[in-house]
Each structure stands twice: as C-alpha cells, then as structure tokens.
Amino acid sequence: MATTRVVLGGCRSSDDGPLSIRDRTRLTERIVGFYRTAAGRLPSGNALHGGFCFGILDPIANIVANAITSGSEATESSVEAMARRSVDGLVAFLVSYFRYLPPDEALRYLRAAKADLCAAVRDVESDRCTQAFRVDSGTARTAFRCAALAMGHPDPDHLVTATPTIFYHRHQVQELLLSQPGGCLSADAVNRLRQILNATSGLPDRPPSGLPGRAQNRPRFGAVVPSSSLRLAALTCSLNRALLNRIHCFYLEALALLPPENLRKYYHRSLVIAGHCYGPLDPVSNIILNTVWLEATFPVRKEQQFELPMISSLALLRVAHRSLEGMVAFLRAFAGGDLSDLDAYRFLLHADANLGVAMKALKQAQAECDEQPKGGHPTIAFSDIYQAAVTASMHPRPDMLRDFLASDRVHDILPAYAGRSLSRDEVCSLIISLSETKPSFQDDGLPLLPAKYLRLPQMTRDSFILNRDQFLRECTLFSRMVDGALKKYTQHNGGTEYELVFICGGNGNVADQDGPELSQVDYPWSPFKYHYCHVNFLARPKGINVAPTLFFAECVKYEETSDLSRETTCCPVVVPPKDAAEELRCYYCEFEGTSIVHPTERSYHGCKLDFEKMALGNNVHKTDKIVYNAKTLTDFMGVLPVDYVYFNPGYGSEGQLQVASSNADF
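Residues numbered from 1 in each chain as written. Predicted model: local features only at pLDDT ≥ 70, side-chain atom pairs only at ≥ 80, totals over all residues. Heavy atoms only, no water.

1. Overview of unusual backbone geometry
Inference 1: In this structure, Ala 115 is a non-glycine residue whose phi angle is positive, near 70°.
Inference 2: Locating Ala 115 in the fold gives a position in the loop between helix H4 (103-112) and helix H5 (117-127).
Inference 3: Positive phi is not limited to glycine here, since Met 394 has a value of about 60°.
Inference 4: The topology assignment puts Met 394 in the loop between helix H16 (382-392) and helix H17 (398-405). (Helix = DSSP H or I, 4+ residues; strand = E, 2+ residues; numbered from the N terminus.)

The structure is reproduced here in structure tokens:
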C-alpha cells in the first residue's frame, strides 16, 4: 500500500531553526544506519517497507518488528524516506504526550537518546522529576496515534493496539532478536516473532506499563545544561510550566480546605492578592497560612464584604507564578546566590515544591559536588531568605510577612503540622489562632497590587466599570453553566443533589470537533464562537457540611438552535498526583494557559481529535504556538479584571485608585 508522507504541524524542516535542522539531519542519518543493520537481520525476501524506526524496543528491534508485521517490497531509496518519516513520528509522539514540549526540544532529546524512544521519554521525565509514563494510558494511546499519522502509517489503529502487546512481550521479542546476535534471523525465529507480535489474546487486563531501566534521580547542583541559549530557554520554560501545573493542584486542594462561607466572602481576596505557597510548611498548608494571615492582618470591613463565587484561571495562574518566583528566590538566597532558574526548577520539581525538602536536596547536592567554600557557606538568617521570597513574589506587605514567617509564633506551630498537610479541622483551628492577630488599620491600608502596579492609568468611570463588569459577567456565566451541569449530573446519576461551593477557574474557549466558527454571538469580544467551557468547581451535597468534591464540567455555552444537539457533561475528578500530570492533556486549555483538571477515563473536546489534527498539520494552533502562547500568559503578572472588583470606580486625592474592600486609599 502506498503511503503519503505526513509531517507534524509546526515541525517541518523548513520551519526549524539551524540547530533543529542539524539535529533532524543527524538523527535521520543515524536511523538510516539502523535500517542498514536491520536489513541484515531479516531473511531474504523480507523487506523493510513498513518497518518504521518507532516503538518501545531499541531502534533496530523496532524496525525489524514493524517490518515483520507489515512486510512489503521496498527500494533502497525508500530507506531514507522511511528514516525521515520515522523522525516525524518520534517527534510527534513526544510533543503529543508531554505538555509544553516544543518540536526542536523533542529533536534534542531524541538525538541525545540515539533515536531510542523509551530513552528519550526517560530523559524528559528525568528533567521533570516524574515517572508518569504508562504505555496503556489514554494520553499514550493518543500520542501513538499521532505518531502513526505523522509517519503516514498505513494502519494507525494497528500501531496503537500493537504497542502494548509488544511491550508486554518485549522480553520474548528481545530474546528472539538476540538468538543470532549480529546475524540473519532464521525463518523459524521470524515466524515466532510474527506470532508474538500479532497476538491479540492472553494479555492481562492491565499489562505492566512502566518503562524498563527507570530510576528516580535526585537533581544535581550544576547539572548538565543545554549548550545553546535557545535550548536553555526552551528547557527552562518547559520546567517552569510543569511546576506551575503542579502548584495549581496545590491551590485546588487549599480551596477545598478553606471554610466555604469565608472563602466566598473574603478569603478569595486574600488568596488572589498573596496566598503564596512558600513558607515553613508543605505547599498546601503554606497557601492556607498566608491567605488566613493576610485576611487576619488586613481584614475586609463587614460593611464592605461581598461574595464572589469564583476565582478566575488567570488569577490562579498569576498567584502561582508569583509563588514560584518567591520559591526560586528563596532557594537562591539559601544557596548563597549561585543558583540558576533551571537548577532551582529541578530541585523544586524533585521536592514537589516543598521548600524544606528542596533545601535538604540542595544542601546535599552542594556537598557532593564540592560547591561549598571551605568551612561551608556563611549562615544566612531565615528572615533574609524570606525577604528575598516576599520581594520576588511581589507581596503587598513584604516586610510584615517576612517578620511573621520568621517569627517564633510560626515556629511554635511547626511541630504540630510538619511533614503533612492540614486537615479541615486543623484549618479551622489555625483560623481561630490567627484571628487573634491585631488587625492593621494603617493610613496606607493594604495595596492590592505590588508597587510596580500601584498606579493604574487614569480612566473614565465607564471604562473602569467595563473592566469590573467583565469579571462579574464571567462569574454569572460560569455560575449559570455549573448549576446546570450539577442538575444534569444529579439527573443522570440519581441520588443526592449537589450545591455549588466555589468555581476554581475555567476556559471558555473550547470548540467542537470542527473547531471554532465565525459568529457574531460574542461580538465585540471575539469574532469566533467557541461552543464549550471547561471548568473546575467544588460542590457538596445540599444541606450537608462535608468536605467539598472537585468536579470537571464541559458546559455548552450558548442556547442557539445549532447548539441544541450539544451536551453538557459533568463528573467528579481527583487532583492528580505528581506522577500523573501528563495524563490530563487538553489542546484548548493548554493553548489558553489554563490549568484545568480533566477526567482521565472520559472523553472531552480537546483530548484526542485535536492532537491528531495537529499531527496532520490541520489545526490552526501548532505545537510551537501553544508553547509560545502559554508562556506569554504564564509570564503575565499584571492587572486582571478581577482586580477591579476590589476598587471603587474613582480616585483618591493623589490620583491613586480607591480600595473598595480595605480601609483606605492606596
């Protein structure tokens, strides 16, 4: 069967920079050499056509295995074409499986791994301090299909279903391939391999799926760094996004622990402003500690309290970004100032963003590589280390938080909570304890924005209200959709009726399988009509004071005639552990830079077909564009529509915005 070469959208050689072109050329040349070796392993009459250098065995074994299960006549000139197509498939798999991995970085990993896909996956996971890969996971199956499409495989479904089989029988396959090392396989060996590779029965329901040779690596101080500045920037960006996704999960856990009524009334404000996850406890407990302390120290007056049902995804992303900046500054100060962002990210990923664990690993790594000066580094006071963190995170009251975190009062509570997250009862006890903090009603009040954003541009009252109403309109839209989703969930499953507790961010730009359509329905905000919203929210059974459950909903946005056939879906989800982050991919949410927890065993728009379209080059957003757009949103730490909710639509005597939910102008 003739096949058409298809390359991954955004990964064509003509689009690559000089380094990527060199990596692609060298990788292709190496694979051509593998084909020549593989040709000598097959008996006469067995051709290499269909023998892609792709799979979970070593490269030569992959070629032989794929050729045996395919087998067609091939000319010598087709070997180079097969090598190029194999490169496209290898790159397609990596960028479809791993979040925010640009094609040129995928090429770098593959070249370093000598075209061994499993080795490349291990290298990416080593950099990201995870061990998540499972050959039978939904994300892996989608990535295998994307690879097959990118290679122009004649039967993509066969590749997807055969890979777990090969993985399960990999020891038998390797034993047969090694039975005549370096020589031609016998006809019996080829037939036996064909029987094994085409087996469809006898597999366990859940075959072992972990990668062989995987080991948990502790990060090293001054570890290997990419040789070019472009590659260094790309790797640093990838690890940054991996950390932000993990930190987002901590915020979801913290929101579920805070008392719902207080969260809607005033803790939403404290968390958005400076509910950072650095401090003396674990990340979740630190978020709660910093949020509760800020509210206790700078409370919202009762007459100025108002309820909000949600925190936007961008607001959560911004506070996560500021938290990460603070943690990097904390580790750099602890290390004596000599620590790159890349090294800091590696230690934080290893420690799952727990500063206590990261400090121990960093100290041990410094000792092992002899980075410490004779006699060790001079002792640095924790107040100075916290000063670096609160300054880098743009905290509105850096000196006061520094003094609090380094105080005896905080250290007195450490033994009770150290090494574990707070429970709901302990959160309530902490709130009571910190409520004894004397409120600060200074003349300058609490700045809701850091010093660099202290003065917003003067604007008309109408423009101000427009920005504020944008967020309130978003709250109304998401609340309406979530209420409808919960009703559908109750109708579908029966039993207990749920009530909304809090909305934890959403993405309103999710399209159906045909993509967004030109429409006036959202004019002037957007020329496109996106059909769905993806949203996370907390809900609990009505009238029962229990811990809320995290839900995911894919909600139909509009009620036009063309939307009547669309369906809102809703299901509970679990905050993914560290090693399951890659299992929850969504094309649209990643492009928007939003961290939404998606279901692992359920289909939704943006999880499969859109990645396949991207592999075929048929999607409007290619991998590079997704990475760039997400980075742009991630790097933003300025003013958001939610900030205007906390201001009065007017200015004080010195031309500064008036705070609506604190005690003074600022």
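Alright, that's what it looks like, and here's the rest.
2. With respect to helix H19 (residues 424-434)
Inference 1: All buried positions along H19 are accounted for by Glu 426, Val 427, Leu 430, Ile 431 and Leu 434. Around the axis of H19, the buried residues are gathered within 145° of arc, so they sit on the same side. Exposed side chains of H19 directed beyond 90 degrees from the buried face belong to Asp 425 and Ile 432. (Buried < 20%, exposed > 50% of the residue type's maximum accessible area, 1.4 Å probe, protein only. Arc of directions from axis to C-beta.)

3. Points about the packing of helix H14 (residues 341-350) against helix H15 (residues 355-368)
Inference 1: Following both chains from N to C, one finds H14 and H15 inclined at 120°, their axes separated by 8 Å at the closest point. Between H14 and H15, the angle falls in the class oblique. H15 is crossed by H14, and the crossing has right-handed handedness. Taking contact as the criterion, the partners of Phe 347, Leu 348 and His 350 in H14 are, on H15, Leu 355, Ala 358, Ala 361, Leu 362 and Ala 365.
Inference 2: Residues that form the contact of H14 with H15 fall into these classes: 7 nonpolar, 1 polar and no charged. (Axes fitted to C-alpha atoms, helices over the stretch in contact; angles between N-to-C directions. Parallel < 35°, antiparallel > 145°, perpendicular 65-115°, else oblique. Left-handed = near helix turned anticlockwise from the far one by under 90°. Contact = heavy atoms within 4.5 Å. Nonpolar A, V, L, I, M, F, W, Y, C, P; charged D, E, K, R; others polar.)

4. With respect to the confidence of the model for the protein chain
Inference 1: Residue-level pLDDT values for the protein chain average 79, and 76% of them are 70 or greater.
Inference 2: Scored below 50 in pLDDT, residues 1-16 shows 45 contacts in the model against residues more than four places distant or in partner chains. (pLDDT = per-residue confidence, 0-100.)

5. Things to note about helix H13 (residues 313-334)
Inference 1: Along its 22 residues, H13 runs 31 Å from first to last C-alpha, staying within 8% of the 32 Å computed at 1.5 Å per residue.
Inference 2: Burial runs high along H13: 18 of the 22 residues are buried.
Inference 3: After H13 finishes, the residue Gly 336 shows a positive phi value of roughly 85°. (Expected span 1.5 Å × (residues − 1).)

6. A short note on the pattern of salt bridges
A side chain with one charge can pair with a side chain of the opposite charge if their charged atoms come near.
Inference 1: Counting across every chain of the model gives 24 salt bridges.
Inference 2: Each member of the salt-bridge network shares a partner with another, and the members are Asp 512, Lys 529, Glu 560, Asp 563 and Arg 566. (Salt bridge = Lys/Arg side-chain N within 4 Å of Asp/Glu carboxyl O.)

7. Focus on the nonpolar core
Inference 1: Ranked by internal contacts, the top residues of the largest apolar core, which has 190 residues, are Ile 31, Phe 54, Phe 93, Leu 94, Ile 288, Leu 331 and Phe 537.
Inference 2: When residues in this core are grouped by element, the largest group, 13 residues, is from helix H10 (residues 229-257). (Core = buried A, V, L, I, M, F, W, Y, C linked by side-chain atoms within 4.5 Å.)

8. Some points on the pairing of strand E1 (residues 498-510)
Inference 1: Buried residues dominate E1, accounting for 11 of its 13 residues.
Inference 2: Sheet topology places E1 next to strand E4 (residues 532-541); 8 bridges connect them, and they run antiparallel. Note on E4: the bridge partner recorded for Val 510 is Tyr 532. (Pairing = 2+ DSSP bridges.)

9. Considering the packing of aromatic side chains
Aromatic ring pairs are reported here in terms of the distance separating the ring centres and the angle at which the planes meet.
Inference 1: For the structure on display, the rule yields 19 aromatic pairs.
Inference 2: Between Tyr 587 and Tyr 588, the aromatic rings sit 5.1 Å apart at their centres with planes inclined by 85°, giving edge-to-face as the arrangement.
Inference 3: On the basis of relative accessibility, which here comes to 1%, the residue Tyr 587 falls in the buried class.
Inference 4: For Tyr 588, a relative accessible area of 5% gives the class buried.
Inference 5: One aromatic cluster is present, built from ring pairs that chain together Phe 54, Phe 93, Tyr 97, Phe 98, Phe 133 and Phe 144. (Phe/Tyr/Trp six-rings, centres within 6.5 Å; stacked < 30°, edge-to-face > 60°.)

10. Focus on the pairing of strand E5 (residues 549-556)
Residues in a regular strand point their side chains to alternate faces of the sheet.
Inference 1: Counting buried residues along E5, 7 of its 8 residues qualify, which places the element largely inside the surrounding structure.
Inference 2: By the bridge criterion, 8 bridges tie E4 to E5 in an arrangement that is antiparallel. Each residue of the ladder has a partner; that of Leu 538, found in E5, is Leu 550.
Inference 3: In this sheet, strand E6 (residues 569-572) lies alongside E5 in antiparallel orientation, the contact comprising 4 bridges. Bridge pairing links Glu 554 to Thr 569 in E6.

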